[in-house]
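Observations on the model geometry
Chain residues, written in single-letter form:
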Amino acid sequence: MVRQQVESRGIFDRRVMEAMRQVPRHLFAPGAPVEACYRDRPVPIGHGQTMSQPYMVALMTELLELRGYERVLDVGCGSGYQAAILSMLARQVFAIERVHPLLQRARRALAEGGFAVQAVSGDGWQGWPEHAPFDRILVAAAASEVPRALCAQLADNGVLVVPVGSGRVQRLVVVRRRGTRLESEAGVACRFVPLVADEEAR
Ligand code: SAH
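Report on the accompanying structure. Given the structure is predicted, the values throughout are model-derived calculations rather than measurements.

Counted by the stated rule, this structure contains four aromatic pairs. Counting every residue linked through ring pairs, the aromatic cluster contains F28, Y81 and F115. Positioned above the aromatic ring of Y55, the side-chain terminus of R9 is 5.2 Å from the ring centre. Cation over ring: R25 sits above Y81, and NZ or CZ is 4.9 Å from the ring centre.

Structure follows, in structure tokens:
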């Protein structure tokens, strides 16, 4: 999986590749056939959600430029796979998921694999203010706009990676905080499930 889908497509961060070699992806999709978990595509995890395609996980993780000291927030924890990868590369990982049964399953898989991630149920649009600021924030669902609360929870020199767009295809946006300034850069096209907006909660 790593050689054919990640390395050959221009991911160059060796730490990301090593983490992806070590984390058993099938642990996070217990209902799916093992081979299906290592193919070049997203894997259904129930509740209309998917575990992202390996290449997309690699790309988003690489864009976070993790060095090992970071506190990271994973929004849309889903299966828990992305959070597990982040836990191999950063100091502390916090995760939010709005679908309760998915959260429960992710927690079980993370515990079983020995990955240290604090995962809670909540609305990703709001982030997790009690643990902010975060050095890195990764959103694995498409937002109609860059969530303001997440920018507010970004530490100085922090990086937020979020798919932005309302259609079927979105752009992967990278936002960097420099003091009070936010610089954002739109990158590759991507396709994610929507970051559900609970209008009441926003
Ligand atoms: N990172 C996940 C990808 C899951 S797909 C993985 O590795 O498996 C995106 C997830 O975002 C889904 O589980 C979905 O339920 C969740 N999601 C969507 N809108 C959300 C919101 N507003 N707050 C929190 N989670 C949300």
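Let us look at the side chain of D123. Along the chain, D123 falls in the loop between β5 (118-121) and β6 (134-139). In terms of polar contacts, D123 uses its side chain to reach the backbone amide nitrogen of W125, at 3.0 Å.

Each α-helix turn comprises 3.6 residues. Residues three or four places apart therefore point the same way. Its 14 residues give helix α5 (residues 100-113) an end-to-end C-alpha distance of 20 Å, which sits within 8% of 20 Å, the value for a rise of 1.5 Å per residue. Considered for burial, the residues of α5 that qualify are L102, L103, A106, A109 and L110. The buried side chains of α5 occupy one side of the element, clustering within an arc of 130 degrees when seen end-on. Exposed residues on α5 whose side chains face more than 90 degrees from its buried face are R108, A111 and E112. At its buried positions, α5 is contacted by β1 (43-46), β2 (49-51), α4 (81-89), β4 (92-97) and β5.

On to the pairing of β6, then. Judged by how many residues are buried, β6 sits mostly within the fold: six of six residues are covered. The sheet contact formed by strand β3 (residues 71-75) and β6 spans four bridges and is parallel. Bridging from a neighbouring strand, V75 pairs with V139 of β6. Across four bridges, β6 lies against strand β7 (residues 154-164) in parallel orientation. Counterpart to F134 in the pairing with β7 is L154.

Calculation notes
Residues numbered from 1 in each chain as written. Predicted model: local features only at pLDDT ≥ 70, side-chain atom pairs only at ≥ 80, totals over all residues. Heavy atoms only, no water. Phe/Tyr/Trp six-rings, centres within 6.5 Å; stacked < 30°, edge-to-face > 60°. Lys NZ or Arg CZ within 6 Å of the ring centre and 35° of its normal. Helix = DSSP H or I, 4+ residues; strand = E, 2+ residues; numbered from the N terminus. Polar contact = N/O pair within 3.5 Å; in protein donor to acceptor, adjacent residues only side chain to side chain. Expected span 1.5 Å × (residues − 1). Buried < 20%, exposed > 50% of the residue type's maximum accessible area, 1.4 Å probe, protein only. Arc of directions from axis to C-beta. Contact = heavy atoms within 4.5 Å. Pairing = 2+ DSSP bridges.

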